[in-house]
Amino acid sequence: MVVFLSRKTQAFLLVAVFFASGVFVVHAQAAKDPFVSELWYLNAIHNPTETSSGKESIVAVLDAGFDMTHEDLADQYWVNAGEIANDHKDNDHNGYEDDARGWDFIDNDSNPSPDISDPRADDTIVSHGTLLSGIIAAQANNGKGIVGIASQTKIMPLRILDSKGKGTTAQVRDAITYAVKNGADVINLSLISTKPDDSLQQVIGWAADQGVVIVAAVGNSNLDLDRDPTFPACFDTRIGKNSVIGVAALDKNGKKAAFSNSGSNCVDISAPGVNIFGAVFHDDTNFLYSTSYGSPFEGTSIAAPMVSAAAARLRSVFPLLTPSQIRLSLMLSADPISGVTPEERRALGAGSLNIERALQTAAVFAGSVSGGTTHNVNQHPSGSLIVAQGKGTEPIVKRVNGNGKELASFFAYDKKFRGGVRVAAGDVNGDGTEEIITAAGAGGGPQVRVFDLAGKPMTQFFAFNVSDRYGIFVSAGDVNRDGIDEILVTQDQGGNGQVRIFTMRGEMIGSFYPFGRTELPVFVTVGNFDDDADAEIASSLGGSDKKHRIKIFDANGRYVRDFAALTFLKTGLRVSTVRLRDQKQDQLLVSADSGSAPWVAIFDALGNLKTSSPVLPQNFLGGIQAVAGDVNANGVIEVYTAPVLNGGPQVRAFDDSFKVVGGFFAYDKMGRSGLSLATWNP
């Protein structure tokens, strides 16, 4: 397939870099990186100062040519250590003679500079590769020009389009293959096509499988990509997994740039893409190219290298991170796009790039983040309760014993988050000890995090669309009976009613809709509710539900039975599992959701009521969360309850006939944000 570079939409084109009023010529000044003040985007993406530690990352930039002698880039280009320049030999036997610093796939030689001898050469196209390279890796503290986002990164320059913008997808494929085989950590593709190329798709999928991070611009035609996809950013919809990080452009106000394409199926994250000052191709003998810097540039092709640079920084500090972990680190740490509708927010991916927070998030995946304050850590299963507060409070999770003594505490999310935390507990890594699972309440993203008992982060993932802000609920149980608990995630009010089942690493292994599609909150629990050895999933509807049905499904989401519970209540129900030691079958602990009197009941799986009772004064309508387990390790199951909304942080303990046996305040007794509770009772 022939490919082109043009301002008009062709079969394949480089995302256009537009000039608002031509190139602004600047003159070098005797100062330390004198034009850094022009780089407004560095603050917008929260780019922290680099340190000298870490592996040197390599970003392959596939573009229309590079200024190989640019004062801010000459020392920043990758050097092929296995090749001797200009000896006319293929020293490293990689099939490319003299490729000491990249390759020109247009002229098939070792000089990836653009050809400016053609009178039809487009100066915008000629400078494009240099501009992107400078954004990524312009040399820092050399007293010249600008500074790159990842100035300790090396650029692998690969020319795949001529100075008029023409090339072929075969050259793009060859360049990607070259980049992977020669050690690139990240590949930047500021390219779009309105038609998919199966061979290119396969090569990109292969590159991602080799551990290379692929970043692609999404295009500049103000398209809805969910309706009119562009490639390679939208190859994920065909590959079936997220192999490409699609990047949209934002303006200086943090909103979608007017020209930027968008769409939740293809955009993973957004970054600044307007009024960009940067390095350009220069040639002292040609007036058109007499300056080394220019402005203003705009385009999603400008936003993409910012994300590529961020990925390079993560790979440098944490070299063992997978492409998926790097993508998740960038997305989980993104700043939300404010002042837009939920649909507009989803169309811009996880939000705006935040490199400082991405580095912190990546540390979690790398296993190098320490936990919170720990006291007398108890590693025995079912020996503690997990508690967290609701909306309006700091996201502090505590692990306490049955008397309320604090064993560990930590921040589950950013200290400024005030949406409340929901918790669960289960052995999600199969080591015989429970882990703590957290979910963000309404107003937070669908971010699930897993911690050890001391509060040290282990892993995290998005359970639903990264832009959703409904809040989520989590529970845990061994759905497939492999000896390892899975994580079940549902949405709060406004979601779609789906139950999603994940491994601790965020791999979704199943999903179903127990009540069909509904915006009401859904609650689920796992247990053995019949005579066989297989697990079942019980579910209930909260919120304004009036039917009060408890539905039971097998591990594959197939309906088994249902029954009505606490039908006198005005609103919906919550559900959890009771594992009684003298019973072969697990039972169901059902409690009132907010809006109803504070009743809790125990049912068997056939719907037979065993016992029930209000657990607070009946004028309290904030809802009750109830969990059961042998927290005190005395061989007797206790039922623990706490208010969900508008109640104090009081945990009450009951026996299985709802006789009070204890209680405590988990947080300041004057608080009225309610609690989330969890325990593990295998």
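Worth saying up front: this structure is predicted, and the values here are computed from it rather than measured. (Residues numbered from 1 in each chain as written. Predicted model: local features only at pLDDT ≥ 70, side-chain atom pairs only at ≥ 80, totals over all residues. Heavy atoms only, no water.)

**Concerning the layout of surface pockets**
Rules: Here a cavity denotes grid points, spaced 1 Å and computed from the protein atoms alone, that fit a 1.4 Å probe unable to get out, and a pocket denotes an open set having protein on both sides within 12 Å along at least 5 of 7 lines; residues with an atom within 4 Å of a point are the lining. Grid points are joined across faces, edges and corners, and a volume is the space filled by probe spheres set on the points. A run of H or I in DSSP becomes a helix once it reaches four residues, and a run of E becomes a strand once it reaches two; helices and strands are each numbered from the N terminus. Only Asp, Glu, Lys and Arg are considered charged in this grouping, and only Ala, Val, Leu, Ile, Met, Phe, Trp, Tyr, Cys and Pro are considered nonpolar; every other residue, Gly among them, is considered polar. An automatic or database domain assignment provides the domain bounds reported here.
Here the largest pocket defines a volume of roughly 1400 Å³. Taken together, 47 residues form the lining of the largest pocket, with K241, N242, R327, L328 and F462 sitting closest to its centre. Broken down by element, the lining of the largest pocket gets its largest block of residues, six residues, from helix α7 (residues 323–332). Its residues placed into classes, the lining of the largest pocket shows 20 nonpolar, 17 polar and ten charged. Residue contributions to the lining of the largest pocket reach at least three from each of two domains, namely domain 1 (36–366) and domain 2 (384–680).

**Some points on the nonpolar core**
For clarity, the threshold we go by: Put simply, buried Ala, Val, Leu, Ile, Met, Phe, Trp, Tyr and Cys residues joined by side-chain atoms within 4.5 Å make one nonpolar core. Only protein chains enter the accessibility calculation, which uses a 1.4 Å probe; a residue is then buried when its area is under 20% of its type maximum, exposed when over 50%, and partly exposed in between. We call two residues contacting when some pair of their heavy atoms lies within 4.5 Å.
Y41, I149, V247, M306, V307, L330 and L353 are the most contacted members of the largest nonpolar core, which totals 69 residues. Ranked by residues supplied to this core, first place goes to helix α6 (residues 300–317) with ten residues. Ignoring any residue separated from it by four or fewer positions in sequence, one finds L353 in contact with A44, I45, I269, S270, A271, M306, V307, A310 and L330. Ranked by size, the runner-up nonpolar core spans 44 residues in total, among them W78, A184, L191 and V218.

**Re the pattern of salt bridges**
Rule in force here: Each reported salt bridge corresponds to a side-chain nitrogen of Lys or Arg within 4 Å of a carboxyl oxygen of Asp or Glu.
Overall, the coordinates contain 17 salt bridges when judged by the stated rule. One salt bridge in this structure joins R159 and D107, with 3.1 Å as the shortest N-O distance. One end of the pair, R159, is in strand β6 (residues 154–159); the other, D107, is in the loop between β5 (103–104) and α2 (123–137), with 52 residues separating them in the sequence. For R159, a relative accessible area of 1% corresponds to the buried category. The class for D107 is partly exposed, based on a relative accessible area of 44%. Here R579 makes a salt bridge to D586, at a shortest N to O gap of 3.4 Å. With relative accessibility at 27%, the residue R579 sits in the partly exposed group. Taking the relative accessible area as the measure of exposure, D586 reaches 10% and is therefore buried. What emerges from the salt-bridge pattern is a single network uniting D104, D107 and R159.

**Comments concerning the UniProt feature "active site" (unreviewed entry) in the protein chain**
Stated formally: UniProt positions are given in the numbering used here, feature names are shortened, and annotations may be inferred rather than shown by experiment. Two N or O atoms count as a polar contact when they lie within 3.5 Å, although within protein this holds only if one can serve as hydrogen donor and the other as acceptor, and sequence-adjacent residues are included solely when both atoms are side-chain atoms.
UniProt tags D63, H128 and S301 as "active site" (unreviewed entry). A maximum C-alpha distance of 10.4 Å places the annotated residues, which cover 239 residues in sequence, within one compact spot. Note that D63 resides in strand β4 (residues 58–63). Owing to a relative accessible area of 0%, D63 belongs among the buried residues under this scheme. Of the polar contacts made by the side chain of D63, one reaches the side chain of H128; its length is 2.9 Å. Looking at the element boundaries, S301 is found in helix α6. Within the structure, S301 has its side chain in polar contact with the side chain of H128 (distance 3.1 Å).

**Comments concerning the packing of aromatic side chains**
Going by this rule: A pair of Phe, Tyr and Trp rings is counted when the ring centres sit within 6.5 Å of each other, with Trp represented by its six-membered ring. The angle between the planes then sorts it: under 30 degrees is stacked, over 60 is edge-to-face, the rest tilted. The rule for a charge over a ring is simple: NZ of Lys or CZ of Arg within 6 Å of the ring centre, and within 35 degrees of the ring normal.
Under the criterion given, the structure shown has 20 aromatic pairs. Geometrically, the ring pair formed by Y96 and W103 is edge-to-face, given 5.0 Å between the ring centres and 70° between the ring planes. Ring pairs connect the aromatic residues W78, Y96, W103, F105 and Y178, which therefore count as one cluster. Sitting over the face of the ring of Y667, K398 holds its NZ or CZ atom 4.4 Å from the ring centroid.

**Some thoughts on the sheet that holds strand β36 (residues 638–643)**
Cut-off, in case you're wondering: Here the rule is simple: two strands pair whenever DSSP picks up at least two bridges between them. Whenever a helix is involved, its axis is fitted only over the stretch in contact; in every case the axis is a line through C-alpha atoms, and angles between N-to-C directions fall within 0 to 180 degrees.
Spatial strand order, β35-β36-β37-β38: four strands in an open sheet with antiparallel pairing. The open sheet terminates on both sides in strands that have one partner only, identified here as β35 (624–629) and β38 (660–665). Averaged over all adjacent pairs, the angle separating strand axes in this sheet is 20°, with direction ignored. Note: β36 against strand β37 (residues 650–654), three bridges, orientation antiparallel. Residue pairing for β37: V639 is matched across the bridge by F654.

**Points about the side chain of D98**
Quick note on the threshold: A positive count includes Lys and Arg, and a negative count includes Asp and Glu. His and the chain ends are not counted in either.
Here D98 is to be found in the loop between β4 and β5. No salt bridge forms around the buried D98; measuring N to O, its nearest opposite-charge neighbour K89 is 9.3 Å away. Leaving out residues up to four positions away in the same chain, D98 has contacts with E83, I84, A85, N86, D87, H88, K89 and S110.

**Observations regarding the sheet that holds strand β22 (residues 457–462)**
In spatial order, the strands read β19-β20-β21-β22; together these four strands make up an open sheet with antiparallel pairing. The two strands at the open ends of the sheet, each matched to only one other strand, are β19 (421–426) and β22. Strand-to-strand twist of the sheet, defined as the mean angle between neighbouring strand axes without regard to direction, takes the value 20°. With six bridges joining them, β19 and strand β20 (residues 435–440) adopt antiparallel strand pairing. When the sheet's bridge partners are listed, V423 is paired in β20 with T438. Sheet contacts for α7: β21 (447–451) and β22; angle to β22, the most-contacted strand, approximately 75°. Here helix α9 (residues 355–366) sits on the sheet in contact with β21 and β22, set at roughly 115° to β22.

**Remarks on α7**
α7 sits mainly inside the fold: nine of its ten residues count as buried. Three or more residues of α7 are buried, namely P323, Q325, I326, R327, L328, S329, L330, M331 and L332.

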